[in-house]
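# An overview of the molecular structure
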Amino acid sequence: MRGGERICRVTVHTHDVEKAADVLRSGGLVALPTETVYGLGADAENPAAVARIFQVKGRPSSHPLIVHIGGAEQLDQWVEEVPATARLLAERFWPGPLTLVLRRGHRVPLEATGGLDTVAVRVPDHPVALALLSAFGGGVTAPSANRFGQISPTAADHVHAELGDAVDFVLDGGPCTVGVESTIVDVSGDAPTILRPGGVTREDLEAALGRRLEVPETSSTRVPGQHPSHYAPRARVVLVEPAKVVVEAESVRELGHKVGVLLPASLAGTPVEAHAVVAVPDSPTAYARALFGFLRDLDQEGCDVIVASLPDEEGLGLAIANRLRRAAGPRGSL
Ligand code: TXA
Ligand code: MG
C-alpha cells in the first residue's frame, strides 16, 4: 500500500532559466513548473508559437489558454479594464492558484483566447515560473502540459513521458505542491462566477469577497476542464460510496479486471483484494497534491478499472471531487 507525499527540492540554475527565456523569444515551447501542474508555455504575443501549443496538445484551437504573468501589477497590460472585484482577488491571491477571466486587452492575440473577447490571466506561485517570467519579460500562455483530455502532469517526468521531444525545453522545478489546477473565476461580468474549482478554495474566495459564489454544474464547452470526460486515466474510473469501495473493487476483480483502488482514509488499513491499492491521504491538501500521480501510477501498473469515492466537497475537496467526476465521465465525448 502506498500513499502520502513526495516532496523534494530541485535546484534550477540561472542559465536554465535564461535558456528557457531564449526558447520562448525564438517562438519555441517550454514546459514550466507551477505550484498547480506543469504548463506548456509559449510567448503569449506570438501567434505561431501559440498555434504550436494546440498542435502538440492535440487541443482544438477554439479552446482558450491562460496567460501567465510575473506580478499582479502587470495585469492592466493584458486586459481592457480591471474591475474592483478583480483587483481585490488579484491582490489577495496572487501569486497563487487563481485564474481571473477578464475582458481581453489588445496585447493578447485572438489565437490565445480561442477567439474570445475575454482572457484568462494568472500569476503562478512557483519560484522557477516567476524567474522565467521575469527573465522573459512578457506573458506566457500555458495550458497544462498533457495531451488533450489526459491527466495533468505534476512532475517533470510526467511531461517527458507524455510530450517527449515535442517540447523544446523542460524546466524541472520538482513536484507540484498544490497538485490540482488553478481555480478559474470569471470577473468579466456582473457577478463573479467559479468556472472551475481548483487550488484556491471557494470558502477563501467567498471570505475575501464577502459574498456567495456560484459554481455552475455545466458551462460552455469552451472550457475543456468542463467537458464530461477530462483529466482521464486510461483505466475506467468507477465512483461509489466510501463504504462500498472494497465490495465494488472485489466484485469488479471477480469479473477478471485488474482493479486499482483509491482507498478512502476512513477505510485505512482495511484489507482489499485488488491489483493495486493506494491509501488516500486524510488531509485534502495532501490528497490534491498526490491525486494525478496516483491515477498515473495505477495506469502504469496496468489497472484497467479504478474504484474510488468522492471526498467531502468542501475546501480542496471540491476540486478533488470535480477532477474525479470528470475522470469517471463518459469517454469519447471530447
Ligand atoms: O493551474 C492551471 O490553471 C494550469 C497551470 C499550467 O497554470 N493551467 C491550466 O490550463 O490548467 P488549461 O489550459 O489546462 O486550462 C485552462 C482553462 C481551460 O478550461 C480554459 O477553457 C479556461 O481555462 N479558460 C481560458 N481562457 C478562458 C476564457 N477567456 N473564458 C473562460 N475560460 C477560459
Ligand atoms: Mg488542462
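Residues numbered from 1 in each chain as written. Chains lettered and ligands numbered in written order. Predicted model: local features only at pLDDT ≥ 70, side-chain atom pairs only at ≥ 80, totals over all residues. Heavy atoms only, no water.

## Examining the site of ligand 1
- Taken together, 26 residues sit near ligand 1, with Thr 36, Arg 59, His 68, Ser 182 and Arg 196 positioned nearest.
- The contact in question runs from an oxygen atom of ligand 1 to an N or O atom on the side chain of Arg 59, over 2.8 Å.
- Thr 118 has a polar side-chain atom sitting 2.9 Å from a nitrogen atom of ligand 1.
- When isolated, ligand 1 has an accessible area of 680 Å², and the protein chains bury 96% of it.
- Of all the secondary structure elements, the ones that give two or more residues to the shell around ligand 1 are strand 4 (66–68), strand 6 (118–122) and strand 10 (193–196).
- A total of four residues in the shell around ligand 1 trace back to one element, the largest contributor, which is strand 6.
- Of the residues assigned to the shell around ligand 1, the class counts are 14 nonpolar, seven polar and five charged. (Near = heavy atom within 4 Å. Polar contact = N/O pair within 3.5 Å; in protein donor to acceptor, adjacent residues only side chain to side chain. Areas by Shrake-Rupley, 256 points an atom, 1.4 Å probe, with all protein chains shown as cover. Helix = DSSP H or I, 4+ residues; strand = E, 2+ residues; numbered from the N terminus. Nonpolar A, V, L, I, M, F, W, Y, C, P; charged D, E, K, R; others polar.)

## Considering helix 4 (residues 127–136)
- Val 128, Ala 129, Leu 132, Leu 133 and Phe 136 are the residues of helix 4 that are buried. On an axial view of helix 4, the arc spanned by its buried residues comes to 135°, and they lie on one face. Facing away from the buried side of helix 4 by over 90 degrees, the exposed positions are Pro 127 and Ser 134.
- Against the buried residues of helix 4 lie helix 1 (14–25), strand 2 (30–32), strand 3 (39–43), strand 4 and strand 7 (140–141).
- After helix 4 finishes, the residue Gly 137 shows a positive phi value of roughly 90°. (Buried < 20%, exposed > 50% of the residue type's maximum accessible area, 1.4 Å probe, protein only. Arc of directions from axis to C-beta. Contact = heavy atoms within 4.5 Å.)

As far as function goes, none of this settles anything; it's purely spatial.
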